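# Observations on the three-dimensional arrangement
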Amino acid sequence: MKKKIYCGEINKEYINKEIILYGWIDNYRNLGKLIFVNIKDREGVIQAVFKPQYKIAYNVAITLRNNFCVKVKGKIVERTQKNKNFNLITGEIEIIVFNIFILNKSKPLPIDNNMINTEEMRLKYRYLDLRQIKMTKILKQRSIIISYIRNFLEKNNFLNIETPILTNSTPEGSRDYLVPSRIHKHNFYALPQSPQIFKQLLMIAGLDRYYQIAKCFRDEDLRSDRQPEFTQIDIEISFTKSKILRYFIEKMIFNIWKNIKNIFLDKFKILTFKKSMKYFGTDKPDLRNKLKLIDLSNFFIKKNKNRIVSISIKNKYLSNFNIKGLSKYISYIKKYNTNDLNIFQVNNNKLINILNTKNNFIINLNNDQIKDIIYKNNCHNNDIIFIGTETINDNISSMGYLRKKLGKDFNLIKNNKWCPLWIIDFPLFKKNKIGKLIPMNHPFTSPKKEFINNIDNFLKENPHQILSDSYDLVINGYEIGSGSSRINNYKIQKKIFNFLRINEVVQKKNFGFFLEALQFGTPPHIGIALGLDRLIMLLTNTNNIRDVIAFPKTTSANCLLTQAPNKIDFNLLKDLGLSLS
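Just so it is clear, the model here is predicted, and its values are computed rather than measured. (Residues numbered from 1 in each chain as written. Predicted model: local features only at pLDDT ≥ 70, side-chain atom pairs only at ≥ 80, totals over all residues. Heavy atoms only, no water.)

## Points about the overall build of the protein chain
When helices and strands are tallied, the protein chain shows 16 helices and 22 strands. Along the longest, intermediate and shortest principal axes, the C-alpha atoms of the protein chain span 90 × 70 × 55 Å. Taking all contacts inside the protein chain whose residues are at least 6 apart in sequence as the whole, residues at least 24 apart take part in 67%. If you average the places of the 93 positive and of the 50 negative side-chain charges in the protein chain, the two averages end up 4 Å apart. (Helix = DSSP H or I, 4+ residues; strand = E, 2+ residues; numbered from the N terminus. Contact = heavy atoms within 4.5 Å. Lys, Arg positive; Asp, Glu negative; His and termini not counted. Charge placed at Lys NZ, Arg CZ, Asp CG, Glu CD.)

The structure is reproduced here in structure tokens:
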């Protein structure tokens, strides 16, 4: 295929060359003797000049309007000095047009890409929204990043292997999207939440280094960094330890940041899940925010097992803040079930309850204890200390939410800084809303070695103490990836299933093939899945995951472009053995 020349790639090297360009009319100025037109494509804009001496082209140019799709043939010339635009990559040259062909006309656009459009309009007319330079740039970067990841992995002997999209429903933490089978009436496929079981089967098959840029589907509540269908960089490897895989992923991420943003990341920090929750109130801490939680439980007689925690703000950050305005944080944290937040100001080794709230924490403390609290928080005169009872809300605590908000409100976060870290040693199990123990990640995650040797006793007596050989990659407060060592022993996998009270019938139905496979020389193996969409969100400096996906869904899982999901024709439902009743 002949190499295509793009408008935004033309430079002074093309001067006096005749070329053909394709694109859309972006701007039109008829000055009488000369007509100036900006022609735009995915790589940028070039100025085209129409002169009366090229009569046919000139007469066609008179009829041009914005967004017409055109083909032009002409000669590249250097602009006069006074007409050069050094803010534009092509600002020193222009094309004198000999011939122009209108490939298609355009109606006036329903959106204006020179203005801020509502997100609803942007998603409804996404194909027009993608003409924005910003959006085109993001999708180009996405393509470059994927290409780099493929090259990096394949240079390290990873095989790109596709796994099924239509598969069986398995418990992986979220609801499945189900697809009815026409051939097998009243039976359903499930779209994969991840290729978890299949990539483990590939390890059993001896394909010891696997990767896939995989489409995954989860029917869960959405937010700005989550979509019902998403893309992950799925990686699995045999005969390797967790530390080695983490270092390998660090190297890949380091090189992506270097090549895409020309930024050299620092060495990745490592925190255990326990320490992360203790000091930051979350398993996804943004380490650009230097605020820490201080455990003050020993100073008080507690009513329950929840910690009493403090967060302090230095006086130098309070200069533009109304002290009485701090009351909003009391209302804010009540949403997360902390109803006793007190806000104190340090004054000569004393704590002044500046809002006179009820449930004053320090009312029964002596002077030495108050001094100790001030010292533990490393505070001085006029600094502020927030004290409240911490409640845990699915791996982020109420005080973790407060820390996050304070960091944002008081501008404590350095936006140009990158803080990657690994969170390791997650509990194997967590309690769900009704207090039942369920997998923290998925039921194929291996306990750490020190627990495997005595797994029966731990499962019986102290299951909440079992730590998994697992790890999450977090960058600036976003979970970018999650992985673990996998169970490769049939007996251990059965014990975990039995502990989770997955009965034998369900085990055989959903996992029978996998349990059988584990008995055929399964190698030790580990893996990780990195969220490609979130990764690109960070690399392109956007806080909305919809900006990095060509055709995303809304926060209510609708596609405004195609109007999906939609009602299905009755006859099609009948073919599938389904009804609306």
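## A look at helix α10 (residues 398–409)
Between its first and last C-alpha atoms α10 spans 16 Å; for twelve residues at 1.5 Å apiece the expected length is 16 Å, and the two agree. Of all the residues in α10, the buried ones are Ser-398, Met-399, Gly-400, Leu-402, Arg-403, Leu-406 and Gly-407. Residues of α10 that are buried in the fold lie against α7 (273–280), β13 (308–313), α8 (328–334) and β16 (384–389). In the segment just after α10, Asn-411 is the residue with positive phi, at about 55 degrees. (Expected span 1.5 Å × (residues − 1). Buried < 20%, exposed > 50% of the residue type's maximum accessible area, 1.4 Å probe, protein only.)

## Re the pattern of salt bridges
Side-chain pairs of opposite charge can arise whenever the charged atoms involved come near each other. Counting across every chain of the model gives 31 salt bridges. When the shortest N-O distance is used, the salt bridge between Asp-547 and Arg-122 registers 3.3 Å. Here the residue Asp-547 occupies a position in the loop between α15 (532–539) and α16 (570–575), and Arg-122 occupies one in helix α2 (residues 119–124), the gap between them amounting to 425 residues. Comparing Asp-547 with Arg-122, the two get one shared label, buried. One salt bridge connects Asp-286 with Arg-288, and the closest N-O pair in it is separated by 2.7 Å. The class for Asp-286 is buried, based on a relative accessible area of 11%. (Salt bridge = Lys/Arg side-chain N within 4 Å of Asp/Glu carboxyl O.)

## Quick word on the nonpolar core
Soluble globular proteins: nonpolar side chains tend toward being buried together. Counting 40 residues, the largest nonpolar core has Ile-149, Leu-153, Ile-233, Ile-249, Ile-253, Trp-257 and Leu-535 as its most contacted members. Counting only elements with at least two residues in this core, the list comes to α4 (133–155), β9 (209–217), β10 (229–238), α6 (242–261), β17 (420–424), β20 (470–475), β22 (525–531) and α15. Considering each element in turn, this core owes the most residues, seven residues, to α6. If you count residues domain by domain, this core takes at least three from each of domain 2 (113–239 + 526–575) and domain 3 (265–273 + 417–522). The residues touching Ile-249, leaving out its near neighbours within four places in the chain, are Ile-235, Trp-422, Leu-473, Ile-528 and Leu-530. Ala-48, Phe-50, Ala-57 and Val-72 belong to the second largest nonpolar core, which has 23 residues in total. (Core = buried A, V, L, I, M, F, W, Y, C linked by side-chain atoms within 4.5 Å. Domains from an automatic or database assignment.)

## Considering the domain arrangement of the protein chain
The domain architecture assigned to the protein chain consists of domain 1 (12–104), domain 2 (113–239 + 526–575), domain 3 (265–273 + 417–522) and domain 4 (289–413). For domain 2 and domain 3, the distance between their C-alpha centroids amounts to 24 Å. With 25 residues of domain 2 at the interface, the matching set in domain 3 holds 28 residues. Taking both partners together, domain 2 and domain 3 bury about 2100 Å²; carbon and sulfur atoms supply 66% of that area. Put simply, Glu-236 and Arg-486 hold a salt bridge, and the shortest N to O gap is 2.8 Å. Between domain 2 and domain 3 we count seven residue pairs in polar contact (both at pLDDT 80 or more) in total. Of the residues contributing to the side of domain 2 that touches domain 3, the split by class is eleven nonpolar, nine polar and five charged. (Buried area = accessible area lost by both parts, 1.4 Å probe. Polar contact = N/O pair within 3.5 Å; in protein donor to acceptor, adjacent residues only side chain to side chain. Nonpolar A, V, L, I, M, F, W, Y, C, P; charged D, E, K, R; others polar.)

## Examining empty space enclosed by the protein
With the rule as written, the count across this model stands at one cavity of 30 Å³ or more. Approximately 40 Å³ is the volume attributed to the largest cavity. As for the largest cavity, its lining consists of Leu-123, Arg-126, Phe-551, Pro-552, Cys-559, Leu-560 and Leu-561. When its residues are assigned to classes, the lining of the largest cavity shows six nonpolar, no polar and one charged. (1 Å grid on protein atoms, 1.4 Å probe; cavity = no way out; pocket = protein on both sides within 12 Å on 5 of 7 lines; lining within 4 Å. Points joined across faces, edges and corners; volume = space filled by probe spheres on them.)

## As for a positive patch on the surface
A contiguous patch of positive charge, built from Lys-269, Lys-290, Lys-292 and Lys-414, is present on the exposed surface. Residue placement: Lys-292 occurs in the loop between α7 and β12 (294–295). (Patch = residues over 30% accessible without salt bridge, like charges linked within 9 Å, V, L, I, M, F, W, Y side chains within 5 Å. Areas by Shrake-Rupley, 256 points an atom, 1.4 Å probe, with all protein chains shown as cover.)

## Here's the deal with the packing of aromatic side chains
Counting across every chain of the model gives 19 aromatic pairs. Here a set of aromatic residues connected by ring pairs shows up, and it is made of Tyr-148, Phe-152, Phe-158 and Phe-248. One Lys or Arg, Lys-292, reaches over the ring of Tyr-279 and ends 5.3 Å from the middle of that ring. (Phe/Tyr/Trp six-rings, centres within 6.5 Å; stacked < 30°, edge-to-face > 60°. Lys NZ or Arg CZ within 6 Å of the ring centre and 35° of its normal.)

## Focus: the sheet that holds β20
With mixed pairing, the eight strands of this open sheet are ordered in space as β6-β9-β10-β22-β21-β20-β17-β11. The open sheet has two edge strands with one neighbour each: β6 (159–160) and β11 (269–272). Where strand β21 (residues 478–485) meets β22, five bridges bridge the pair, whose relative direction is antiparallel. Opposite Gly-483, over in β22, you have Ile-528 as the bridge partner. Relative to β9, α4 is tilted by about 150 degrees, and along the sheet it contacts β6, β9 and β10. Along the sheet, α7 contacts β11 and β17; its crossing angle with β11, the most-contacted strand, is approximately 90 degrees. (Pairing = 2+ DSSP bridges. Axes fitted to C-alpha atoms, helices over the stretch in contact; angles between N-to-C directions.)

## What to know about unusual backbone geometry
Look at the link from Ala-564 to Pro-565: it is a cis peptide, with omega at 0 degrees. Positionally, Pro-565 belongs in the loop between α15 and α16. Of note, the phi angle at Asp-394 is positive, near 55 degrees, even though the residue is not glycine. Structurally, Asp-394 is set in the loop between β16 and α10. A residue is classified by how much of its surface remains accessible, and Asp-394, at 60% relative accessible area, is exposed.

## Details of the side chain of Ser-297
Topologically, Ser-297 is positioned in the loop between β12 and β13. Look at Ser-297 and you get buried, because its relative accessible area is 10%. At a separation of 2.7 Å, a polar atom in the side chain of Ser-297 contacts the side chain of Asp-295. Among the polar contacts made by the side chain of Ser-297, one reaches the main-chain amide nitrogen of Ile-308 at a distance of 3.1 Å.

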